[in-house]
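Structural overview for review
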Amino acid sequence: MKKRDTVILLVDDEPDILEIIGYNLTGEGYQVVTAKNGVEAITMAIKHKPKLIVLDVMMPEMDGMEACEKLRAIPELAETVITFLTARDEDYSQVAGFEAGADDYITKPIKPKVLLSKVKSLLRRFKENDDDVPNVKLGNITINREEYKISVGKEEMILPRKEFELLSLLASKPGKVFTREDILDKVWGNEVIVGGRTIDVHIRKLREKIGDKKFKTIKGVGYKFVV
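Residues numbered from 1 in each chain as written. Predicted model: local features only at pLDDT ≥ 70, side-chain atom pairs only at ≥ 80, totals over all residues. Heavy atoms only, no water.

Following the criterion strictly, the structure yields 1 cavity of 30 Å³ or more and no others. Its volume calculated, the largest cavity comes out at about 30 Å³. What lines the largest cavity is simply Leu10, Val11, Asp12, Ile17, Leu18, Ile21, Val54 and Leu85. Contributions of two or more residues to the lining of the largest cavity are made by strand E1 (7-11) and helix H1 (15-27). A per-element tally of the lining of the largest cavity places H1 first, with 3 residues. Tallied by class, the residues present in the lining of the largest cavity amount to 7 nonpolar, no polar and 1 charged. (1 Å grid on protein atoms, 1.4 Å probe; cavity = no way out; pocket = protein on both sides within 12 Å on 5 of 7 lines; lining within 4 Å. Points joined across faces, edges and corners; volume = space filled by probe spheres on them. Helix = DSSP H or I, 4+ residues; strand = E, 2+ residues; numbered from the N terminus. Nonpolar A, V, L, I, M, F, W, Y, C, P; charged D, E, K, R; others polar.)

This is the structure in structure tokens:
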């Protein structure tokens, strides 16, 4: 994926933040579009279909949390990576962000070189669809890896990116226990610092959507998928 083909949407109500971050990303060759609140973010995301959305939390009209939830409900943006941009003094819960559907978070202020490194790490998660990858069927569950979509019986649903990747990992080897370390490395990447509660949040949401009995907790170790 070439940088000039990569669209990044920056969302912040502070013009200085948009200008500084946008300048650095544009200088690296990325296409940058901006929005100053959550309402504009949704409009711009639908229009430009960015690979990455950098989303401020505290904004007028619609804050980042609500905007993230609405963005995650748009099927065309299922593969888009979303990271929150948060100030160190904000009362922000990492778990709440992941509950809303975010993939990661960036704390501001952040040095340009660190920001660019973080963006590169986030974009590595964006994988092009592979037409040769078949659908996976396990019992009454079908996993469509091309469309980030699953079917449970006759019901179809689009899962947020991280939920889909977590499900795909566990379902790739039914019965195998994946440790928390394995899950963090394969789903979030070893360059991303997230807590163990992040996994618990995503497992809980998968249980709500697919069924509690499909996921077994191995206390002190990790999780496995049960057919």
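Turning next to the nonpolar core. Grouped together as the largest cluster of nonpolar side chains are 28 residues, with contacts concentrated most on Ile150, Leu167, Leu170 and Ile183. Put simply, the parts of the chain that give this core at least two residues each are strand E6 (136-138), strand E7 (141-144), strand E8 (149-152), helix H6 (161-172), helix H7 (180-188), helix H8 (196-210) and strand E12 (222-225). For this core, the element with the highest residue contribution is H6, accounting for 6 residues. The residues touching Ile183, leaving out its near neighbours within four places in the chain, are Leu166, Leu169, Leu170, Phe178, Trp188, Ile199 and Tyr223. Listed in part, the 23 residues of the second largest apolar core include Val11, Met59, Ile82 and Ala100. (Core = buried A, V, L, I, M, F, W, Y, C linked by side-chain atoms within 4.5 Å. Buried < 20%, exposed > 50% of the residue type's maximum accessible area, 1.4 Å probe, protein only. Contact = heavy atoms within 4.5 Å.)

This part takes up the sheet that holds E1. Whenever strands of a sheet pair, they do so through backbone hydrogen bonds, lying parallel or antiparallel. With respect to topology, 5 strands assemble into an open sheet ordered E2-E1-E3-E4-E5, the strand pairing being parallel. Each edge of the open sheet is held by one strand with a lone partner, namely strand E2 (31-35) and strand E5 (104-108). For this sheet the average axis-to-axis angle between neighbouring strands, irrespective of direction, equals 20°. Sheet analysis places strand E3 (residues 52-56) next to strand E4 (residues 81-87), joined by 5 bridges and oriented parallel. Residue pairing in the sheet places Leu55 in a bridge with Phe84 of E4. Contacts from H1 reach E1, E2, E4 and E5, with the element oriented near 165° to E1. (Pairing = 2+ DSSP bridges. Axes fitted to C-alpha atoms, helices over the stretch in contact; angles between N-to-C directions.)

Shape is all these values report; function is a separate question.
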